Amino acid sequence: MKTILALALAVTAFVQTLAADPLPPPARRPDLVLWYDKPATRWEQEALPIGNGRLGAMLFGGTGSDHIQFNESSLWIGDENVTGSYQAFGDLTIEFSGGDTPATSYHRELDIANAMHTVTFELNGVHFQREAFASHPDQVLVFRYAADKPGTLSGRISLTDMHGAKISATGDRLMAVGSLAGFKGRDKDPYNVALSYESQVRVLNEGGTLQAADGSIAFENANSLILILSAGTDFVQDAQKKWRGPLPHQVVTERCDAAAAKPYEKVRADHLADYRALFGRVALDLGSASPEVSSVSTDQRIANYRKGAADPGLEALLFQHGRYLLISSSRPGGLPANLQGLWNHSNRPPWRCDFHSDVNLEMNYWPSDVTNLSDCFQPFTDYLWSIRGVRQRATAEAFKTRGWTVRGENGLFGGATWNWLNAGSAWYCQNLWDHYAFTGDTEYLRTRAYPMLKEVCEFWQDMLKPRADGKLVAPKDFSPEQMGFSEEGCTFDQELVWDLFTNTIEASTVLGVDADYRAKLTDLKSKLLLPQIGKWGQLQEWMTDRDSPKDTHRHTSHLVGLYPGRQIAPAITPELAAAARVSLNARGDASTGWGTAYRACYWPRLLDGERFHKLAVQLLAHCILPNGFDSCPPFQIDGNFGYTAAVCEALVQSHLGEIHLLPALPKAWPTGSVRGLRARGGFFVDMAWKDGVVTAYHITACTPREVKVRVNGAVKSITSEVCTPVSIP
Ligand code: FUC
């Protein structure tokens, strides 16, 4: 009897060591955590996003039943003619037996310093701990369910698919295999590209049993469960291959199995190391509010902020949250962040969840270089490179010109719908040039950016027309999105062509190529109609002085030369800068999510920190949803990215050939510090300030170089120090 008892005890002890011991949380910074005290019920407002740049998921954190909605960024319908739309992939549901009992001590959080989602709660005397993350190194989504009492977890896991795929369950594997052929979406005709797709989930149980049946997997008395989700399509980013490659089955299976064969600790550690190497490059301290303000759940904190509670910690958190979202939705080798990053739960998403060219896609990439995430910019370049052939054909047909441009709505395969946006490709080129300006990567400039800049210059060489006085103007066009009216020489077009020619001239100089072409562009640039000041002191949106001071449109297209451009600035064109201020005041501060973020980017360029902060507060108070997503409405990620970029403009500017420290510091951030921002010229900037005065700064570059720094009202020429390897907090 004694022996049996001893054996039973030993077995119990053994099971306990195997079970459920939650892994120690990674080094956690409470100021970089969004947290909630109840599960999410609404996708757009409450569920929390994870992503590895290709796979994404929205997590609801339910107790008795957990819902995971997931995406894969290439799951598109459409073709080379029309935009189509980004599609939803599927859902994973985990129903736990006995899950109806209400849980206590519930806590759900997204730790953005570690890209780790955690849920903890107590139920029937058992402590439950769940964590989820999107691994870039292993290219899978990972979910772990644990409890501190062995054998507690019983229930059923099912996979659903948004396109009617057949679901199968065999052993520990769930699988959905389907094709988008015949999916007609919003447009009537079938699309010419019909992608195949697949998702797989491996269920790894520690203790207990698994039973696959009827397309789902039941688990019984498990100590813990690990779910590995892998998904993909046969998309290849190559028009020559008609956008399709091998069926995704092999790679989806290999990724799932490789991650399943790896110890969980290793998958998790590799994820943390990979993510933190990017996220940890920038640290921002804007001061903190009292514990009563900052220690409440994030939804409550945002609600308090809306009521007027000062909370610089929240302002810094949402700055970093923009970086979290960019790392999660845009990684080298993947696709650019679309209107919702890569999260989408609808097959008819707002504005097709596409690549919008009249501000949205550009805004998505405004924070990439300046917040030291230059790697995350690569998908933007690759996307443009992949569609330029398709766009050249469409452009030649429509305009009889060389080069290429886009329409307002753009899809994965280069197809486009809605209005032509003549200056759309020139605006993209502004991002392309800036990526070089920040990184100094001449190989990228030579092989990618410069060829595209040149193609778009050719488009404009063929488009521009001389006016009677010899000034070169763009042909009749609208100014986004003032509908129903068009005119020659609208300021949006003129400023973007000026920007394009300026950047292409500089690029050819840097590369030491095309001297004759450079001379030609220099001549054309000198003839361009420049921005004009109208009768009420405004910066004219049109060639003719016709702007209405009552126009409060969300778009401010005629100010693109102020930000992100460099044609208008108080230091170089004080009259135009003053006119831009008049126009902005007339347009008013009230706008959509992205419209507010854009306005927040302009004011630092006008060196007005107070007005910048007013817009930042307005954005956070009225456009940020409880889960941190920006709402246009509806959810649209550009406002998140635009906000992050605007904060940078308030702290450091570098578009005028010098590094300007604290050009527009608001009074709300009297004391603070930032580490790791980038400045054009390949520089990195660290600084601290107190009572609005810079107290220390440190400017580094990979090779020491002379640089002009404007700091505390003086301009100094210094030699930058050699940068030290990026540190990980
Ligand atoms: C532009 C904006 C809209 C919306 C859409 C996705 O057309 O004018 O507000 O953001 O993009």
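1. A few points about the nonpolar core
Piece 1. Formed by 200 residues in total, the largest nonpolar core has its most connected members in Trp460, Tyr598 and Leu651.
Piece 2. In terms of residue count, the dominant contributor to this core is helix H11 (residues 442–463) (11 residues).
Piece 3. Counting contributing residues per domain, this core is built from domain 1 (29–281) and domain 2 (354–573), each supplying no fewer than three.
Piece 4. Those residues in contact with Trp460 that sit more than four places away from it in its chain are Asn422, Ala423, Ala426, Ala474, Pro475, Asp493, Val497, Leu500 and Phe501.
Piece 5. Residues Met116, Phe133, Val140 and Tyr264 belong to the second largest nonpolar core, which totals 12 residues.

2. Structural notes on the sheet that holds strand E29 (residues 693–701)
Piece 1. Across the sheet, which stays open at both edges, the 5 strands sit in the order E19-E27-E28-E29-E32 with mixed pairing between neighbours. This sheet does not close on itself; its edge strands, each paired only once, are strand E19 (283–285) and strand E32 (721–722).

3. Some details on helix H3 (residues 264–279)
Piece 1. Between its terminal C-alpha atoms H3 stretches 22 Å, which fits the 22 Å expected from 16 residues at 1.5 Å a residue.
Piece 2. Those residues of H3 that fall on the buried side of the exposure criterion are Tyr264, Val267, Arg268, His271, Leu272, Tyr275, Arg276, Leu278 and Phe279. When H3 is viewed along its axis, its buried side chains cluster within an angular range of 150° and face the same direction.
Piece 3. Looking at the buried residues of H3, the elements they touch are strand E9 (116–123), strand E10 (126–135), strand E11 (140–147), strand E18 (224–233), helix H2 (249–261) and helix H6 (312–329).

4. Let's talk about the pairing of strand E22 (residues 416–421)
Piece 1. Both strand E21 (residues 406–410) and E22 contribute to a ladder of 4 bridges, which runs antiparallel. From the neighbouring strand, Asn410 faces E22, where its bridge partner is Ala416.
Piece 2. In textbook terms, the turn of a hairpin is the stretch between consecutive antiparallel strands, and for E21 and E22 this stretch comprises 5 residues, one of which, Gly414, has a positive phi near 90°.

5. As for the site of the ligand
Piece 1. The ligand sits among Leu339, Trp351, His356, Asp358, Asn360, Glu481, Arg554, His555, Trp594, Cys632 and Gln636.
Piece 2. Within the contact set of the ligand, an oxygen atom lies 2.2 Å away from a side-chain nitrogen or oxygen of Glu481.
Piece 3. Take Gln636: an N or O atom from its side chain is 2.8 Å from an oxygen atom of the ligand.
Piece 4. For the ligand, whose accessible area on its own is 290 Å², the fraction buried by protein is 97%.

6. Description of the side chain of Thr405
Piece 1. Topologically, Thr405 is positioned in the loop between helix H9 (378–399) and E21.
Piece 2. A polar contact of 3.1 Å, which involves the side chain of Thr405, links it to the side chain of Ser425.
Piece 3. If we ignore the near neighbours within four places in the chain, the residues touching Thr405 are Arg391, Thr395, Phe399, Trp420, Leu421, Asn422, Ala423, Gly424, Ser425 and Phe459.

7. Quick notes on the domain arrangement of the protein
Reports of interface size often rely on the accessible area that becomes lost once the parts have come together.
Piece 1. When cut into domains, the protein gives domain 1 (29–281) and domain 2 (354–573).
Piece 2. For domain 1 versus domain 2, the separation of C-alpha centres amounts to 39 Å.
Piece 3. Taken together, the contact between domain 1 and domain 2 spans 17 residues of the former and 21 residues of the latter.
Piece 4. Surface buried jointly by domain 1 and domain 2 totals about 1500 Å² across both partners, of which 65% is contributed by carbon and sulfur atoms.
Piece 5. Looking only at domain 1, the three residues that lose the most surface to domain 2 are Trp76, Thr83 and Arg281, adding up to 39% of its buried area.
Piece 6. At the junction of domain 1 with domain 2, the criterion picks out 2 salt bridges.
Piece 7. We note a salt bridge from Glu80 to Arg393, for which the minimum N-O separation is 3.3 Å.
Piece 8. The tally of links from domain 1 across to domain 2 stands at 7 residue pairs in polar contact (both at pLDDT 80 or more).

8. Points about the sheet that holds strand E7 (residues 90–96)
Piece 1. If you trace the 7 strands from one edge of the open sheet to the other, you get E2-E3-E4-E7-E12-E17-E16, paired in antiparallel fashion. In this open sheet, the two edge strands, each paired with only one partner strand, are strand E2 (48–51) and strand E16 (209–213). Taking each pair of neighbouring strands and ignoring which way they run, the sheet shows an average axis angle of 20°.
Piece 2. Where strand E3 (residues 55–59) meets strand E4 (residues 65–72), 5 bridges bridge the pair, whose relative direction is antiparallel. What sits directly across from Met58, in E4, is Gln69.

9. Quick look at the environment of Leu195
Piece 1. Within the secondary structure, Leu195 sits in the loop between strand E14 (173–179) and strand E15 (196–206).
Piece 2. C-alpha of Leu195 to C-alpha of Ser717: the two residues are 522 residues apart in sequence and 56 Å apart in space.
Piece 3. Among all residues touching Leu195, those that are not within four sequence positions of it are Ser74, Trp76, Ser179, Leu180, Ala181, Thr233, Asp234, Phe235, Trp243, Arg244 and Phe413.

Criteria and cut-off values
Residues numbered from 1 in each chain as written. Predicted model: local features only at pLDDT ≥ 70, side-chain atom pairs only at ≥ 80, totals over all residues. Heavy atoms only, no water. Core = buried A, V, L, I, M, F, W, Y, C linked by side-chain atoms within 4.5 Å. Buried < 20%, exposed > 50% of the residue type's maximum accessible area, 1.4 Å probe, protein only. Helix = DSSP H or I, 4+ residues; strand = E, 2+ residues; numbered from the N terminus. Domains from an automatic or database assignment. Contact = heavy atoms within 4.5 Å. Pairing = 2+ DSSP bridges. Expected span 1.5 Å × (residues − 1). Arc of directions from axis to C-beta. Near = heavy atom within 4 Å. Polar contact = N/O pair within 3.5 Å; in protein donor to acceptor, adjacent residues only side chain to side chain. Areas by Shrake-Rupley, 256 points an atom, 1.4 Å probe, with all protein chains shown as cover. Buried area = accessible area lost by both parts, 1.4 Å probe. Salt bridge = Lys/Arg side-chain N within 4 Å of Asp/Glu carboxyl O. Axes fitted to C-alpha atoms, helices over the stretch in contact; angles between N-to-C directions.

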